[in-house]
Amino acid sequence: MIEEIIPSPEVEEALVTGRPVVALESTIITHGMPWPKNVETARAVEAVIREEGAVPATIAVIDGILRIGLASADLEDLAQASGVMKLSRADLAFAIAQRRTGSTTVAATMMAAHAAGISVFATGGIGGVHRGAETSFDISADLDELGRTPVCVVAAGPKALLDIPKTLEVLETRGVPVIAYGTDELPAFWSRGSGLVAPYRLDTAQEIARLISTRARFAGHGGILVANPVPEDAEIPADEMNRHIEAALKQASASGIRGKDVTPYVLSKILELTDGRSLETNIALVVNNARLAARIAVAAWAASIEG
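Numbering of residues starts from 1 in every chain and runs along the sequence as written. Restriction of local features to residues with pLDDT of at least 70 applies here, the model being predicted, together with a cutoff of 80 or more for giving and counting side-chain atom pairs; totals for whole chains, interfaces and linings are based on all residues. With hydrogens and water excluded, all non-hydrogen atoms of the structure serve as input to the side-chain values.

J.: Would you take a moment to explain helix α12 (residues 262–273) for this structure?
T.: An α-helical turn contains 3.6 residues, so a residue and the one three or four places further along point in the same direction. By the criteria applied, helices consist of DSSP H or I runs no shorter than four residues and strands consist of E runs no shorter than two, each listed in order from the N terminus. One fewer than the residue count of a helix, multiplied by 1.5 Å, yields its expected span. The end-to-end C-alpha distance of α12, which contains 12 residues, comes to 16 Å, matching closely the 16 Å that a straight helix rising 1.5 Å per residue would cover. Note on exposure labels: buried denotes an accessible area under 20% of the residue type's maximum, exposed denotes more than 50%, and partly exposed covers the range between, all computed with a 1.4 Å probe on protein chains only. Within the sequence span of α12, burial applies to V262, T263, P264, Y265, V266, L267, K269 and I270. Here, two residues are considered to be in contact whenever any of their heavy atoms come within 4.5 Å of each other. Those residues of α12 hidden inside the fold are in contact with α2 (27–32), β5 (85–87), α11 (238–254) and α13 (277–306). Phi turns positive, to about 55°, at D275, one or two residues after α12.

Structural data, given as structure tokens:
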């Protein structure tokens, strides 16, 4: 293991003994939700993973150390910290080398999870091809990471502010299996449907665990995206969300927001436009994804024990 990677005692014991572990990103704590909802959600997500029989490993860089698993006090400190870097593939090694503190996006969390030996990761939604990318070339590093790093990512689909059809095309080009869980339609983060037929459908954690095991037999394989629809009682309908997204994107463009700053800016504007409903939906889908990820990790572990 890389010298600057330090697992928590709980995570280290789980990895040594072969118990199921689920990786968690930290950008949702520092850039995705306001205080104190961010730390409350982080703790709720970890609790759900433990309830399902797995060990949570929230990942972040703290003073140049890549921490795989955070104590409760660390979560609270990170949730209230200012000046925290937002780390994707291009930033992770820089933050470690410069002894900085940063939260990990989907791409950086996949890198860290794979380096630590963790194969299942729960998040909210993945990044992808931004609207207008044909002129801005704004495409998230999450897509390339999914194409190269063998980690199963459980998300509520691509973030709805993206160009979802183009995002799906890039994932196909990168050879990433996109699995809709229990539905034929690709979810769209706050909404259960995107209007797009999902490439594949699986209905149980055991089926997904079998896919992970089968894919691992091939050299140079990348990740798997499991798109898990937000619970029905927490959904915001797609037509309503699209109106809010369009308004927020127009404000971002008018304010000169670019690159990795677009998503947190738009999320904050949508929070205002929905009078807080988008945050409650975000919390519900993150917890839902964590539960499914834990079940997948446990199913994979059980299958390995059975031989």
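J.: So what exactly am I meant to see when it comes to the pairing of strand β9 (residues 178–181) here?
T.: Two faces, one strand: in a regular strand the side chains alternate between the faces of the sheet. Here β9 runs beside strand β11 (residues 224–227); their pairing, made up of 3 bridges, is parallel. Bridging from a neighbouring strand, V178 pairs with L225 of β11. What makes two strands pair is DSSP finding at least two bridges between them. When β9 meets strand β10 (residues 200–202), the two strands line up parallel, connected through 3 bridges. Bridging across to β10, Y181 finds its partner in L202.

J.: Is there a simple way to think about the environment of R19 in this case?
T.: Within the secondary structure, R19 sits in the loop between α1 (9–17) and β2 (21–24). We classify R19 as partly exposed; its relative accessible area is 38%. In the structure, R19 is positioned 228 residues away from A247 in sequence and 46 Å away in space, judged by C-alpha atoms. Beyond its immediate stretch of four places on either side in the chain, R19 contacts A14, V55 and W301.

J.: Help me out: how do you make sense of the pattern of salt bridges in this one?
T.: Between side chains of opposite charge, a pair can form as their charged atoms come close. The term salt bridge refers to a pairing of a side-chain nitrogen on Lys or Arg with a carboxyl oxygen on Asp or Glu at a separation within 4 Å. Within the structure shown, the criterion is met by 16 salt bridges. For E280, the salt bridge goes to K37, with nearest N and O atoms at 3.6 Å. Highlighted residues: E280 in helix α13 and K37 in helix α3 (residues 37–51), separated in sequence by 243 residues. The partly exposed category is assigned to E280, whose relative accessible area is 41%. In this structure, R291 and E52 form a salt bridge, with 2.9 Å as the shortest nitrogen-oxygen distance. Taken together, the residues span a long stretch of sequence, with R291 in helix α13 and E52 in the loop between α3 and β3 (55–62) at a distance of 239 residues.

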